[in-house]
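Working through the structure, step by step
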Amino acid sequence: MDIYNKLLESKIKKENIYVNEDMSKHTSFKTGGKADYFIKVYSIEEIKNILKISKENNIPFLVLGNGTNVLVKDEGYKGIIIQIKMEEIHIDGTQVIVDSGTKNATLSRRLLENSLTGFEFASGIPGTIGGAIKMNAGAYGSEMKDIVLEVTYLDYDGNVHKISNDDCKFQYRSSIFSQKNAIILQAKLNFRLRKKRRNRKKSKRIINTTKRKTTT
Ligand SMILES: Cc1cc2nc3c(=O)[nH]c(=O)nc-3n(C[C@H](O)[C@H](O)[C@H](O)COP(=O)(O)OP(=O)(O)OC[C@H]3O[C@@H](n4cnc5c(N)ncnc54)[C@H](O)[C@@H]3O)c2cc1C
């Protein structure tokens, strides 16, 4: 059976499997060749199934968040590119559990609505939580390291692990995930409560400054 049919058999929806997909459509740099398979994944089960197919058939795979920090070679990618589309957010007081496919801007809006502060620095960074954790993304003197409590990830054998901030080994624009074979699934983040008006003003100011920076 070919890979496409194996993917379908593993219950990945047809509409989420793109064959010979032009990766310039999925990266901010808008360059790069085609990926043999580009798959949007919406659950851990789907990721596990892809890992299994990749292992059994000796096909490489690569994980993509929002594609804002990835360059695909002109000759393309001979394998499977998985784009994480899991985007749930659970708010419990000042702690937030967020799926790795959630865009920073989406989380930022939800935090504003819930009068939580501490994520304004990331509201203008154009990526997902997974990408931000891996890169320890930061701006305006703050970075992911300051807000992460725990990270849940999947190893390439399909086992789920949970690690603390310390174990993430955050450094300037890198983390343990820069070396580890891991797919970040979720993070528990910590924020502070603040009055709505002040919080919104700060976030708007950062978004406006970012807009000015990226348009010059
Ligand atoms: C206009 C512009 C402005 C930017 N400004 C900033 C800034 O101010 N500060 C800053 O730090 N960065 C900035 N960046 C860089 C980039 O946006 C960030 O690093 C961002 O966090 C990357 O997230 P992403 O979801 O797009 O990741 P991607 O680009 O898709 O991937 C980046 C890396 O993370 C990996 N990855 C993504 N998701 C996962 C996951 N779930 N599990 C495991 N690995 C994963 C990918 O394999 C890849 O190695 C900017 C980029 C652009 C284009």
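Placed above this text is the structure.
Residues numbered from 1 in each chain as written. Predicted model: local features only at pLDDT ≥ 70, side-chain atom pairs only at ≥ 80, totals over all residues.

Okay, the environment of Y153 next. When you line up the elements, Y153 lands in strand β10 (residues 148-155). Residues Y153 and N181, 28 residues apart in the sequence, show an inter-C-alpha distance of 9.7 Å. With sequence-adjacent residues up to four places away left out, Y153 is seen in contact with H161, A182, I183, I184 and L185. (Helix = DSSP H or I, 4+ residues; strand = E, 2+ residues; numbered from the N terminus. Contact = placed C-beta atoms within 7 Å.)

Quick look at the site of the ligand now. The environment of the ligand is formed by 29 residues, the closest being G65, T68, G127, G130 and G131. For the shell around the ligand, the secondary-structure elements that each account for two or more residues are β3 (61-64), α4 (129-135), β8 (138-139) and β12 (182-190). Per-element accounting of the shell around the ligand gives the leading share, five residues, to α4. The residue inventory of the shell around the ligand, partitioned by class, reads 14 nonpolar, 13 polar and two charged. Each of domain 1 (3-84) and domain 2 (89-215) gives at least three residues to the shell around the ligand. (Near = placed C-beta within 6 Å. Nonpolar A, V, L, I, M, F, W, Y, C, P; charged D, E, K, R; others polar. Domains from an automatic or database assignment.)

This part is about the sheet that holds β10. Reading across the sheet, the five strands line up as β5-β6-β12-β10-β11 and stay open at both edges, with antiparallel pairing between neighbours. Only two strands of the sheet have a single neighbouring strand rather than two, namely β5 (89-92) and β11 (160-164). Taken over all neighbouring pairs, the strand axes of this sheet differ in orientation by 20 degrees on average, direction set aside. (Pairing = 2+ DSSP bridges. Axes fitted to C-alpha atoms, helices over the stretch in contact; angles between N-to-C directions.)

Further remarks concern helix α2 (residues 44-56). In a regular helix each residue adds 1.5 Å, so 13 residues correspond to 18 Å; α2 covers 18 Å between its end C-alpha atoms and thus fits that length. Of all the residues in α2, the buried ones are E46, I47 and I50. All buried residues of α2 lie within an arc of 100 degrees about the axis, which places them on one face of the element. For α2, the elements touching its buried residues are β2 (34-41), β3, β4 (77-84), β10 and β12. Note on α2: the residue one or two positions beyond its end, N58, has a positive phi of about 55 degrees. (Expected span 1.5 Å × (residues − 1). Buried ≥ 20, exposed ≤ 12 C-beta atoms within 10 Å, placed from the backbone. Arc of directions from axis to C-beta.)

Another aspect to go through is the environment of R194. Residue placement: R194 occurs in the loop between β13 (192-193) and α5 (196-215). Taking the number of C-beta atoms within 10 Å as the measure of exposure, R194 has 16 and is therefore partly exposed. Separated by 31 residues in the primary sequence, R194 and I163 place their C-alpha atoms 28 Å from one another.

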